[in-house]
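Next come the chains, spelled out residue by residue.
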Amino acid sequence: MNKSAITMIDYGASNIRSAQKAFEYIGAEVVLTEDPEVVRKADRLVLPGVGAFGSGMAGLRQRHLPEAIHEAIQRGVPFLGICVGMQLLFDESDEMGLHQGLGLIHGRVTRFPLHNSSFLIPNLKIPHMGWNQLEPAWEHPLLAGVKRGDYTYFVHSYYCDPAAATAVLAWTDYGFPFAAIVAQDNIYGLQFHPEKSQSIGLRILQNFLQT
Amino acid sequence: MLAKRIIPCLDVKDGRVVKGINFVELRDAGDPVEQAKVYDQAGADELVFLDITATHEARQTVIDLARAVAEQVFIPFTIGGGIRTVDDMRGILRAGADKISINSAAVRQPELISQGAEAFGSQAIVVAIDARRVGNKLAVSSEQLAVSGKRVDAPDSSFIIPHSQFIIPHWEVYVSGGRTATGLDVVAWAVEAERRGAGEILLTSMDADGTQEGYDLELTRAVATAVNIPVIASGGAGTVAHFAQALTVGGADAALAASLFHYKQLTIAEVKAYLVNQGIPVRV
């Protein structure tokens, strides 16, 4: 069992219990915190997320967490954002008004196009909900044991559109390819819910513990 | 590609599974966590727990169930049955369930759908509809189709049945475990549920349920084409082909079954192998 410790950021907006339990299940010790000092000193950070981008960002600001997260990342601490936690890594989102994000990865978060809005994109349901396949863009330790076409569980209406395609570690197709996993130096983001993606999800979390 | 989902449904009472998989190797067949683990390993894409506990006082047991399952099983799961308030929803979702499903309470208080969607997001709110076929013509007036004071338009009167053999199937919403007719048209109610913020429709055909003669494909298709949210077909699965039909002809995004899986008449692996063969995308 891996005895790695992770610090999970509790910023009010999210139901983080499942993500915590998944890390505990694979043998990690989880410290839940909303204290910027604890975040500054953490060895490994996870930003989970369920909820809206704007309220997530507000929750981080209220607790003076954005500066602490920036400092930790500059120190080289491995950082994993999950779902909305991944989206918050970007510059901005247009979910219910325009909101500034953490700006750690350049790009924006935008809504899946409404059905019938384009002849090029088939009539797809929003949210994108269910099991969909990963298309890894390059080899990376985070994807050890993960094959092309493996399924993970998604629930989201907005997706990340990185300024540089090189930030995308794996794509998923939902009418068009979007970023399912981003990786930039020590910063990682998962659009799907690894805590709900059975053995593949747990494997990716385990890989993160070893990065 | 987004996969079509296969979902086993487990009945629970007082926090114990009363209708679930019949495995001799299970140490405790009533333990929801053991049941969930078996189905997780068997390839279930998602689980539905239907709480049939009679008393409202026993709510805590279903919260404990959600917590126990979320600690050990890492696929999405829904809990339904007896949920009447936003607080009921909150307790279950906070404990680790991904979705809650509401049925009778949603018909009695449609605003419960929007309140739940606002508080937890549409993706967490499943509206379950029990449907019964009421013949080939509209059996209720447009007044009876009114949903919670808002009139739902009856089919355009200019839509004349052109031929005596032309059949317009129609279904009525039933509540209270299928005991009470509501006069609501199923398709109209599904559209209303979506408008109010439901993220998914769990559609059970009371006519097909228990027959193992196949899903009601007309019903499934009627609802799936009327809404733009996922539809889970339920009731009537008996063969692998029935699943394929529900997911193609029926237009459903997911297919649910209970007894068929519990009594191992079919395994999820058998169903999925067949679907793969038919070119239907599933997670294997």
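Predicted model only: the values in this text are computed from it and were never measured.

Caption draft 1: Up close: the overall build of chain A. Each helix and strand counted, chain A has six helices and 14 strands in total. Computed over its C-alpha atoms, the radius of gyration of chain A comes to 16 Å, within 12% of the 17 Å expected for a compact globule of 211 residues. In chain A, buried positions account for 49% of the 211 residues.

Caption draft 2: Region of interest: the interface of chain B and chain A. On the chain A side, the residues contacting the 21 residues of chain B number 24 residues. Looking at the side of chain B that touches chain A, the elements that each hand over two or more residues are helix 2 (59-72) and helix 3 (86-94) of chain B. Each residue belonging to the side of chain B that touches chain A can be placed in one class, and the counts come to ten nonpolar, four polar and seven charged.

Caption draft 3: The confidence of the model for chain B, seen in detail. Residue and element names in this part refer to chain B. Chain-level pLDDT for chain B is 87 on average; 84% of the residues reach the 70-or-more range. Predicted confidence is poor over residues 137-166, with pLDDT under 50, and the contacts of this stretch with residues over four places away or in other chains come to 32 contacts. For this predicted complex, the interface confidence reaches an ipTM of 0.88, while the overall pTM sits at 0.89.

Caption draft 4: Seen up close, the sheet that holds strand 6 (residues 99-100) of chain A. Residues and elements named next belong to chain A. In spatial order, the strands read 6-5-7-11; together these four strands make up an open sheet with mixed pairing. Strands with a single pairing partner mark the edges of an open sheet, and in this sheet they are strand 6 and strand 11 (158-162). Sheet analysis places strand 5 (residues 92-93) next to strand 6, joined by two bridges and oriented antiparallel. Counted as the bridge partner of glutamate 92 is glutamine 100 from strand 6.

Caption draft 5: Examining the pairing of strand 2 (residues 16-19) of chain B more closely. Residues and elements named next belong to chain B. Where strand 1 (residues 5-13) and strand 2 come together, three bridges link them in antiparallel fashion. Opposite valine 12, over in strand 2, you have valine 17 as the bridge partner. If you look at the hairpin formed by strand 1 and strand 2, you'll find two residues sitting between the two strands, and aspartate 14 has a positive phi there, around 50°.

Caption draft 6: Region of the structure containing the nonpolar core. With 157 residues, the main nonpolar core has Val182(A), Ile100(B), Val127(B), Ile201(B), Val223(B) and Ala255(B) as its most contacted residues. Once residues lying within four places of it in the same chain are set aside, the contact partners of Ile201(B) are Val127(B), Ile129(B), Ala190(B), Ala193(B), Val223(B), Val227(B), Ile229(B), Val231(B) and Ile232(B).

Caption draft 7: A look at unusual backbone geometry. Residue and element names in this part refer to chain A. Put simply, isoleucine 126 and proline 127 share a cis peptide bond, and its omega is 5°. For proline 127, the location among the structural elements is in the loop between strand 7 (107-111) and strand 8 (128-133). The phi torsion at histidine 64 lies on the positive side, around 55°, for a residue other than glycine.

Caption draft 8: Representation of helix 3 (residues 53-62) of chain A. Residue and element names in this part refer to chain A. The complete set of buried residues in helix 3 reads Phe53, Gly56, Met57, Gly59 and Leu60. Taken around the axis of helix 3, the buried residues stretch over an arc of 155°, which confines them to a single face. Looking one or two residues past helix 3, histidine 64 carries a phi angle of roughly 55°, positive in sign.

Caption draft 9: Spatial organisation of the sheet that holds strand 14 (residues 187-190) of chain A. Residue and element names in this part refer to chain A. Taken in spatial order, the eight strands of this open sheet run 2-1-3-4-14-13-12-9, and their pairing is mixed. A single partner strand is all that each edge strand has here, and the edge strands are strand 2 (29-33) and strand 9 (135-136). Across five bridges, strand 1 (residues 5-9) lies against strand 2 in parallel orientation. Note that in strand 2 the partner of isoleucine 6 across the bridge is valine 30.

Conventions used here
- Residues numbered from 1 in each chain as written.
- Chains lettered and ligands numbered in written order.
- Predicted model: local features only at pLDDT ≥ 70, side-chain atom pairs only at ≥ 80, totals over all residues.
- Helix = DSSP H or I, 4+ residues; strand = E, 2+ residues; numbered from the N terminus.
- Rg over C-alpha atoms; globule rule 2.2 N^0.38 Å.
- Buried ≥ 20, exposed ≤ 12 C-beta atoms within 10 Å, placed from the backbone.
- Contact = placed C-beta atoms within 7 Å.
- Nonpolar A, V, L, I, M, F, W, Y, C, P; charged D, E, K, R; others polar.
- pLDDT = per-residue confidence, 0-100.
- Pairing = 2+ DSSP bridges.
- Core = buried A, V, L, I, M, F, W, Y, C linked by C-beta atoms within 7 Å.
- Arc of directions from axis to C-beta.

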